[in-house]
Amino acid sequence: MYKKILNIFLIVLVFIYIIFEELIWEKFAKPIINLISSLHLFTKFIPKILALNSYIVLIFFVSIFVIVEIIGIYAGVLFISGHIITATFIYILKIPVAAFIFWFFNIAKPKLLEFRWFEFIYNHLISIIFRIKHSSIYIMIKENFFSVRSRLKYKVIYIYKLLKLKIKK
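Residues numbered from 1 in each chain as written. Predicted model: local features only at pLDDT ≥ 70, side-chain atom pairs only at ≥ 80, totals over all residues. Heavy atoms only, no water.

A few words on the overall build of the chain. Broken down by element type, the chain carries eight helices and zero strands. Start at the N end of the chain and walk to the C end: the helices and strands fall as α-α-α-α-α-α-α-α. Evaluated residue by residue, the chain yields a buried proportion of 27% over its 169 residues. Taking as baseline every contact in the chain between residues at least 6 positions apart, the subset at least 24 positions apart corresponds to 69%. (Helix = DSSP H or I, 4+ residues; strand = E, 2+ residues; numbered from the N terminus. Buried < 20%, exposed > 50% of the residue type's maximum accessible area, 1.4 Å probe, protein only. Contact = heavy atoms within 4.5 Å.)

We now examine a nonpolar patch on the surface. A cluster of nonpolar side chains, namely V62, F65, V66, I70, W117, F120, I121, L125 and I128, defines an oily patch on the protein surface of about 830 Å² accessible area. Counting residues per element, the ones that place at least two in the nonpolar patch are α4 (54–80) and α6 (116–133). With five residues, the single largest contributor to the nonpolar patch is α6. Examined against the element boundaries, I70 turns out to sit in helix α4. (Patch = residues over 30% accessible without salt bridge, like charges linked within 9 Å, V, L, I, M, F, W, Y side chains within 5 Å. Areas by Shrake-Rupley, 256 points an atom, 1.4 Å probe, with all protein chains shown as cover. Salt bridge = Lys/Arg side-chain N within 4 Å of Asp/Glu carboxyl O.)

Once that is clear, we can look at the packing of aromatic side chains. In the structure shown here, the tally under the stated rule is twelve aromatic pairs. Between the aromatic rings of Y55 and F115, the centroid separation amounts to 5.0 Å while the plane-to-plane angle is 75 degrees, which identifies the pairing as edge-to-face. Of this pair, Y55 sits in helix α4 while F115 sits in the loop between α5 (84–112) and α6, and the two are 60 residues apart along the sequence. We classify F115 as buried; its relative accessible area is 11%. Ring plane angle 75 degrees and centroid distance 5.7 Å describe the contact between W117 and F118, whose orientation is recorded as edge-to-face. In this structure F118 comes out as buried when scored by relative accessible area, which is 9%. An aromatic cluster is defined as three or more aromatic residues linked by ring pairs; in this entry it consists of Y55, F61, F65, F105, F115, W117, F118 and Y122. (Phe/Tyr/Trp six-rings, centres within 6.5 Å; stacked < 30°, edge-to-face > 60°.)

Structure representation (structure tokens):
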């Protein structure tokens, strides 16, 4: 029974991760990051960012990151409480700021990794993401639900059957 509950929990978490990766990251955030990177306005800030003190970079990054996460949590609370349209709107508003902070992180990463605790957290997060992307659950969901060849109706039916199978085990 414990193993079934754990499997269901892992499937749900991985499914949510894939949805965020596929929809939020690939469809919205990544194009915004590419746009920011291509704009001359932001390109001229790169040398200035690299010249900043590591502590200033850290304070700026953590401040904006925390604000973005608080907005995401607030959107989640609104979603759970039934305010779906408002939650979606707030979450969509967060995406450009999150994309900016990802862009900033990619530029300031060497300065941020000077802090041992930050490097430790970063390496562990990368390790967790690596394990998720190489897990059998991730591969199963990705191949069967998010493959380009199948239509949404059949994807939903198929994932339902897979989940039902997993629950019976």
